[in-house]
2 protein chains.
Amino acid sequence: MSAYQELQDHFRRINHLNHIQQIVVWDEAAMMPVGGGQVRGEAMAALNVVVHELTTDAKLADLIASAESQPDLSEWQTANLEQMKRTWLLATSVPSDLVEAQSRAAAKCEQSWRELRAANDWNALLPLLQEVLNLTRNEAELRSEATGLSQYDALIDLYEPGLTSATITALFADLKSFLPAFVESVLQKQSATELAPLTGPFPIESQRELGLTLMKTLGFDMQHGRLDVSHHPFCGGVPDDVRITTRYRDNSFMQALMGVLHETGHALYEQGLPSAWRDQPVGEALGMAMHESQSLLMEMQVCRTTEFLHYVAPMLRDTFAELASDKSAWSDDNLRGHYIRVEKGSIRVDADEVTYPLHIILRFELEQDLLAGRLPLADLPEAWDAKMQQYLGLSTHGDDRDGCMQDVHWMAGIFGYFPTYSLGAMTAAQLFAAAKKDSPELLAGIGRGDFTVLLAWLRTNIHGMGRLLSAQELLTRATGGPLDSRYFKEHLQRRYLDGVG
Amino acid sequence: MSAYQELQDHFRRINHLNHIQQIVVWDEAAMMPVGGGQVRGEAMAALNVVVHELTTDAKLADLIASAESQPDLSEWQTANLEQMKRTWLLATSVPSDLVEAQSRAAAKCEQSWRELRAANDWNALLPLLQEVLNLTRNEAELRSEATGLSQYDALIDLYEPGLTSATITALFADLKSFLPAFVESVLQKQSATELAPLTGPFPIESQRELGLTLMKTLGFDMQHGRLDVSHHPFCGGVPDDVRITTRYRDNSFMQALMGVLHETGHALYEQGLPSAWRDQPVGEALGMAMHESQSLLMEMQVCRTTEFLHYVAPMLRDTFAELASDKSAWSDDNLRGHYIRVEKGSIRVDADEVTYPLHIILRFELEQDLLAGRLPLADLPEAWDAKMQQYLGLSTHGDDRDGCMQDVHWMAGIFGYFPTYSLGAMTAAQLFAAAKKDSPELLAGIGRGDFTVLLAWLRTNIHGMGRLLSAQELLTRATGGPLDSRYFKEHLQRRYLDGVG
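Quick caveat, the model's predicted, so the values are computed rather than measured. (Residues numbered from 1 in each chain as written. Chains lettered and ligands numbered in written order. Predicted model: local features only at pLDDT ≥ 70, side-chain atom pairs only at ≥ 80, totals over all residues.)

K.L.:
What exactly am I supposed to notice about the relation of the copies chain A and chain B here?
P.N.:
Relating the two copies of this chain is a rotation about some axis coupled with a shift parallel to it. When chain A is fitted onto chain B, the two copies agree to an RMSD of 0.0 Å after a turn of 180 degrees and an axial shift of 0.0 Å. Classification of the inter-copy transformation places it as that of a two-fold axis. Distance from the rotation axis, computed per C-alpha, reaches its smallest value in chain A at Val24(A): 3.5 Å. Looking at the interface residues of chain A, 100% of them are also at the interface in chain B, so both copies use one shared face. (Least-squares fit on C-alpha atoms with pLDDT ≥ 70 in both. Contact = placed C-beta atoms within 7 Å.)

K.L.:
Quick question: what am I supposed to make of the interface of chain A and chain B here?
P.N.:
Many descriptions give the size of an interface as the accessible area lost when the pieces come together. If you look at the interface, chain A gives 30 residues, while chain B gives 30 residues. Counting only elements with at least two residues in the side of chain A that touches chain B, the list comes to helix H1 (3–30), helix H2 (37–55) and strand E1 (225–229) of chain A. With eight residues, the single largest contributor to the side of chain A that touches chain B is H1(A). When the residues that make up the side of chain A that touches chain B are grouped by side-chain class, the tally is 15 nonpolar, seven polar and eight charged. (Helix = DSSP H or I, 4+ residues; strand = E, 2+ residues; numbered from the N terminus. Nonpolar A, V, L, I, M, F, W, Y, C, P; charged D, E, K, R; others polar.)

K.L.:
Could you clarify how one ought to interpret helix H20 (residues 486–498) of chain B in this entry?
P.N.:
All names here are of chain B. Among all positions of H20, only Tyr487, Phe488, His491, Leu492, Arg495 and Tyr496 are buried. For H20, the arc enclosing every buried residue in end-on projection is 135 degrees, short of the 170-degree limit, so these residues lie on one face. For H20, the exposed residues lying more than 90 degrees away from the buried face are Arg494 and Asp498. Looking at the buried positions of H20, the neighbouring elements they touch are helix H8 (165–190) and helix H16 (419–438). (Buried ≥ 20, exposed ≤ 12 C-beta atoms within 10 Å, placed from the backbone. Arc of directions from axis to C-beta.)

K.L.:
Would you mind showing me how to read the sheet that holds strand E2 (residues 235–238) of chain A here?
P.N.:
Sheet strands line up and pair through hydrogen bonds in the backbone, either parallel or antiparallel. Residues and elements named next belong to chain A. Here three strands make up an open sheet; going across it, the order is E1-E3-E2 and the pairing mixed. A single partner strand is all that each edge strand has here, and the edge strands are E1 and E2. Direction aside, neighbouring strands of the sheet carry axes that sit 20 degrees apart on average. Bridge count between E1 and strand E3 (residues 241–246): five bridges; the pairing is parallel. Bridge assignment links arginine 226 to a residue of E3, and that residue is arginine 243. Packed on one face of the sheet, helix H10 (residues 254–271) meets E1, E2 and E3 and runs near 165 degrees to E3. (Pairing = 2+ DSSP bridges. Axes fitted to C-alpha atoms, helices over the stretch in contact; angles between N-to-C directions.)

K.L.:
Before we go on, may I ask you to explain the domain arrangement of chain A in this structure?
P.N.:
All names here are of chain A. Considered domain by domain, chain A is made up of domain 1 (1–92) and domain 2 (204–344 + 421–498). For domain 1 and domain 2, the distance between their C-alpha centroids amounts to 29 Å. Contacts between the two partners involve 18 residues from domain 1, matched on the other side by 16 residues from domain 2. Broken down by secondary-structure element, the contributors of at least two residues to the side of domain 1 that touches domain 2 are H1 and helix H4 (75–92). (Domains from an automatic or database assignment.)

K.L.:
What am I meant to see in unusual backbone geometry here?
P.N.:
For residues besides glycine, phi is generally negative; the peptide bonds are generally trans as well. All names here are of chain A. Here the bond from glycine 200 into proline 201 is cis, since omega is 5 degrees, no more than 30 degrees from zero. Located in the positive-phi region is asparagine 120, a residue other than glycine, with phi close to 55 degrees. Looking at the element boundaries, asparagine 120 is found in the loop between helix H5 (96–118) and helix H6 (122–147).

K.L.:
Where do I start with the pairing of strand E3 (residues 241–246) of chain B in this structure?
P.N.:
Along any regular strand, the residues point their side chains to alternate faces of the sheet. All names here are of chain B. Across the six residues of E3, six count as buried, placing the element largely inside the fold. Burial along E3 is two-sided: the face carrying Asp241, Arg243 and Thr245 and the face carrying Val242, Ile244 and Thr246 are both buried. Note that strand E2 (residues 235–238) and E3 share four bridges and pair antiparallel. Bridge pairing in E3 links cysteine 235 to isoleucine 244. If you look at the hairpin formed by E2 and E3, you'll find two residues sitting between the two strands.

See below:
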């Protein structure tokens, strides 16, 4: 057996155990009764140890070196070998005791955060988050040494391989100069129209049925996936068995429904990964920015177009307007008005696509300052407030709950992740522009609930490519150029000021 | 670290991975979309390999030998060490290639059986089942050598440690001489009363709600478990997170409801296992006969008593009688009549508690003949038909679908398991008799939906004991004697001829 083949068998085994992990993680979020948590944590830790042992197996270094000199590898095999090497390097560049210390500190911080956020108690959170930050700095230092990247870039690379803060800074600089004034123009334009409120109740079973219907419309294969409920919506499982979740409220349907469409975008990526390579690293999805581009392409680019809303509005009326007191609120125009409403708010997860990048830029800038030690953690609330005032004209002074305590990411030791959300939004705009250019009939199809042209384009250009190419190469091949913020700006301009798209 | 402590850590790790297996097996039956099956099979196989490697780890032999000479072990630790040794012996006494060949043959046979049974095609099944039987004989031979038990006993021991065919034969001989005439007496008595049929529809959501209510009544801890749907009802998961399933039909509620009560009996055993030993082999439930005794104790002994039906009848009327055309069918007496109806039929899983042991005795006798080679597999349909005529006066000639092809067990290579069903029924009768004797107020409590006395008795005498004692020791301690068929016969006599209990 060649070294490459031996590696392939080894990573297939890891892949199968990752499958098991994925299903059990989904179970924990969507199915597990509350009393099962403690022993489940121990069981998952035991499985993680097995996977870690396999991923850091001492024999891998030699096998990888041997395989790298094999002359007979195909393009896919070569890319697969690169991914194996990356996986092995990431796993071996941080010692187990640091990983364990991080897990413990993050679990403690995250657990306390749930209560401390509700109590708006920054001072009590500070020492816990400081411990997490200190350990993350250690990690960044070690990863920087192992990869040759800067410390912050070494963290970003965990979530979106190949992406650097220099690239992000340039892209965000453009948005930063464009968005604040643009937001004001949109708000002024929207103030001319008053929206009639959509009042419920919206029975949860009806919301669920409609969500399932639209999942299928978008192309979700129900033979290879499920829709369930969890506290935080997510897309989990494995390509052959994708588990998405949402969360229902009976006084609003828009959030749950758009949540389903968002997660369906993620799911379509997973379901479309190259079938021949699914048990290998090269068959996995690219980084988080590309994954987010797939969810935002569906949720933001496609499913809020006039065309799609025109298709969906009669379904919404059939499903919900029966119960509504004001039936006129269910006109196509009023529904569309709700779906593209822009509002300045302090909460990232509630933000619309126009203001969202400003929330991200704020975090991108602050997390670099925190990691570099330029910003003492104790000063974070003040720095947060200052940037909120600068970018969105809002103050979070004295309201850390909805300021620097609002997100779980840093509590969980996740630094370098936030930029991927807005990179995803920009990528989505660029991909949708290219798909429409390649297939002029695409939008008309979407207006009839026919996603086949769009899905075929994504399958060919993104999903089916797995990790054969880097994200930049893939984007260049699919759209003619590297990531460029102008597609996103043009999209916003068209939808929010020109009133089309 | 002492050898014992090292073993304890090792088996804790195995236990945690078993936890993961349990959850994923449940997921496969209750949640997994059909398209996820193939890759799931591969993923589970990978996890099974990890567990097998840990269970057969070469270091275990020495560690066990060292621990056996440790003078400081407590009673529980000594019993735990015995269970570890048993687990290791069972795992090492059959070579991996035989286990693999068995898995493949059984999977092939079981898969084909689903279609061949529907087509009543015994001849096509024969070679597939022959292969399974041949491999099981190999296994029995190896296990016999490793344990010193007879070949058949070595298989029985897998499912109910310590149980032998000699014990079973003696107990079954008693039932065999008692039941055929008894069945006739019951049928004659019941023919005097005509039951009014319970007509639906019975909305599934109502059935589910009632099932959940009664699970809680029996003592199921919903913080540590769930109720879901699967094709074949079962009790899975782990003691801190017990997953039971049932299956609903909207034209009948009795089967699904009694199914829930049956699985709740299993679940209560799991939830009551000793909390200090849950991550060790000694903290697990005893064999399948004891487990079945817990489900049958609830389903058959307790939940069909006049007392419990008196408690439950108003709930049934509230839930279902609204929709019923004939409301008089919902009287306490008529409901009770349905719940203790005896009928001769050819299908084991549909049998009542009176005729059930005859189905088991038939299988117990035939599987011994098959394994010993006294009965060629080709002659099984004829032998089956002859015994059905002898025990139940029914012929399955030409109807192998509902004859020797009706059960999955042999197709899956499971020989030596069938007797545990009826051992469980006899054990249940003996335990319930002892519990009532120890707590004269117990039945009155059950008539008020109060299971606390019964559950406390089971917690103390059975559940909380884990595998500290053998089943026979446990039963003797709890009831004053070893397993005796007279309790079961007395129970049948009282309920079906005397009309009480």
